[in-house]
Amino acid sequence: MTRVSAVPFVEGILTREQVVATSESILAHQEPSGAIPWTAGQHVDVWNHVEAAMGLMIGGQVEAAERAYRWVPTLQRPDGSWPMKIVDGVVEDDRGEVNMSAYLAVGVWHHWLLRRDLDFVRELWPSVRAGLDWVVALQQPFGGIQWTPVDDFCLLTGCSSVYQSLRAGVALAELVGEPQPDWELAGGRLGHAIRQHPEQFADKSTFAMDWYYPVLGGAVRGGAGLELIATRWDDFVVPGLGVRCVDTNPWVTGAETCELVLALDALGDDRRALRLLAEMQHLRSEDGGYWTGWVYADPGYPNDNPDVYWPEEHTTFTAAAVLLAADALGERHGGATPGSGIMRGTSLAPDFAELALECGCRCEDAVAR
């Protein structure tokens, strides 16, 4: 049973006061418009902005979070997409990216779980709907969703995130009484592609995210999820430090570590999840913010300047990932908000049936017949 608290905590790892401080570190970077950049002076992208808004909600910064959410529609374009990169309100990369344009659904559903404010959901629903309509229109015959309209490939990490967003979107659609069967069909095809055709996605296997995101996004769970995590654990997990961002460099990053924590939580592997969350606290700063990463000494990797924080910045997306991980684990090991299962997917729409496949595989409806 969830032990609901105003602010989450994880026994022996993070106190409520520390969680609030981390949320305040995100607030300190919020721009007057409501936008939340990666760090002061850097760019904003909608995916990390929404993640940061969820971090604000977890820490009790509701007004700031709602300002952040209300900023999102102001940058949405008539086709439903958002530009990839915004700096001080000016678009620097105008490509629309599918996982960014889908993720508002997750943030709005998270807000609903914490506030039960249907008026707020209805206010943001048109943007959620337009964004997801744009995303599913880019689905390819094998089931993956093209990264951008001008980049002719699909990303496993991005599509795994889209899978979660579609489940959140369908949950929101049911809440407001506007069912979206096309999203459900797209979700079934996408989940099938992630599970059965990972080789059809662009090869980004050097990145840790491509390893664990099929689990984190919800398309791969249970025994299959545990098997997937086992395949590259030793490639990416550095005992005592965290998770390497890429398998080529001795650089552990806080966001990737906490996302793996969330994936492990979704698989019921509390032991390793708790250990990783505890071990990555060496990235915590005195003000509650988190350094992006740590470059450690590796005999096999020449480096004149090892054992340093790098880059020298506290990032809002890292802080948000910590807060989401703390909330998830706090459900069973401390205290949690009503949104603690957002990444576990317990409150989202059910996993989608594999119908209307165009990849050559047999559909569930054909098997049933």
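Conventions adopted
Residues numbered from 1 in each chain as written. Predicted model: local features only at pLDDT ≥ 70, side-chain atom pairs only at ≥ 80, totals over all residues. Heavy atoms only, no water. Helix = DSSP H or I, 4+ residues; strand = E, 2+ residues; numbered from the N terminus. Buried < 20%, exposed > 50% of the residue type's maximum accessible area, 1.4 Å probe, protein only. Pairing = 2+ DSSP bridges. Contact = heavy atoms within 4.5 Å. Axes fitted to C-alpha atoms, helices over the stretch in contact; angles between N-to-C directions. 1 Å grid on protein atoms, 1.4 Å probe; cavity = no way out; pocket = protein on both sides within 12 Å on 5 of 7 lines; lining within 4 Å. Points joined across faces, edges and corners; volume = space filled by probe spheres on them. Nonpolar A, V, L, I, M, F, W, Y, C, P; charged D, E, K, R; others polar.

*Asks:* Lay out the environment of Gln61 with the relevant residues and their values.
*Replies:* Along the polypeptide, Gln61 turns up in the loop between α2 (46–58) and α3 (62–71). Taking C-alpha positions, Gln61 is 41 Å from Gln200, a pair spaced 139 residues apart along the chain.

*Asks:* I'd like a description of the pairing of strand β2 (residues 83–87), backed by residues and values.
*Replies:* Here is the key point about a regular strand: its side chains alternate between the two faces of the sheet. Within β2, 4 of the 5 residues are buried, which leaves it mostly tucked inside the rest of the structure. Judged from the 4 bridges that link them, β2 and strand β3 (residues 90–96) form a sheet pairing that is antiparallel. When the bridges of β3 are listed, Val87 appears paired with Val90. What sits between β2 and β3 in their antiparallel hairpin is a turn of 2 residues, with Asp88 showing a positive phi close to 50°.

*Asks:* Go over the sheet that holds strand β9 (residues 293–295), please, and point to the residues and values.
*Replies:* Strand-to-strand pairing in sheets goes through backbone hydrogen bonds, with the strands running parallel or antiparallel. If you walk across this open sheet you meet the 5 strands as β6-β7-β8-β9-β10, and the pairing is antiparallel. At either margin of the open sheet sits one strand with a lone partner, and together these are β6 (237–238) and β10 (308–309). Pairing between strand β7 (residues 242–244) and strand β8 (residues 251–253): 2 bridges, direction antiparallel. By the bridge assignment for β8, Val243 is matched with Thr253. Sheet contacts for helix α12 (residues 254–266): β6, β7 and β8; angle to β8, the most-contacted strand, approximately 60°.

*Asks:* Help me get a handle on the layout of surface pockets, residues and values and all.
*Replies:* If a probe the size of a water molecule is rolled over the atoms, the empty space left behind becomes visible. Roughly 920 Å³ of volume is contained in the largest pocket. Lining of the largest pocket is provided by 32 residues; of these, Trp38, Asn48, Thr157, Met209 and Glu256 occupy positions nearest its centre. Class assignment of the residues belonging to the lining of the largest pocket gives a composition of 15 nonpolar, 8 polar and 9 charged. Lining of the second largest pocket is provided by 18 residues; of these, Leu156, Pro198, Asp210, Pro214 and Leu228 occupy positions nearest its centre. Put simply, the parts of the chain that give the lining of the second largest pocket at least two residues each are α8 (181–196), α9 (208–216) and α10 (222–231). Residues belonging to the lining of the second largest pocket are distributed by class as follows: 10 nonpolar, 2 polar and 6 charged.

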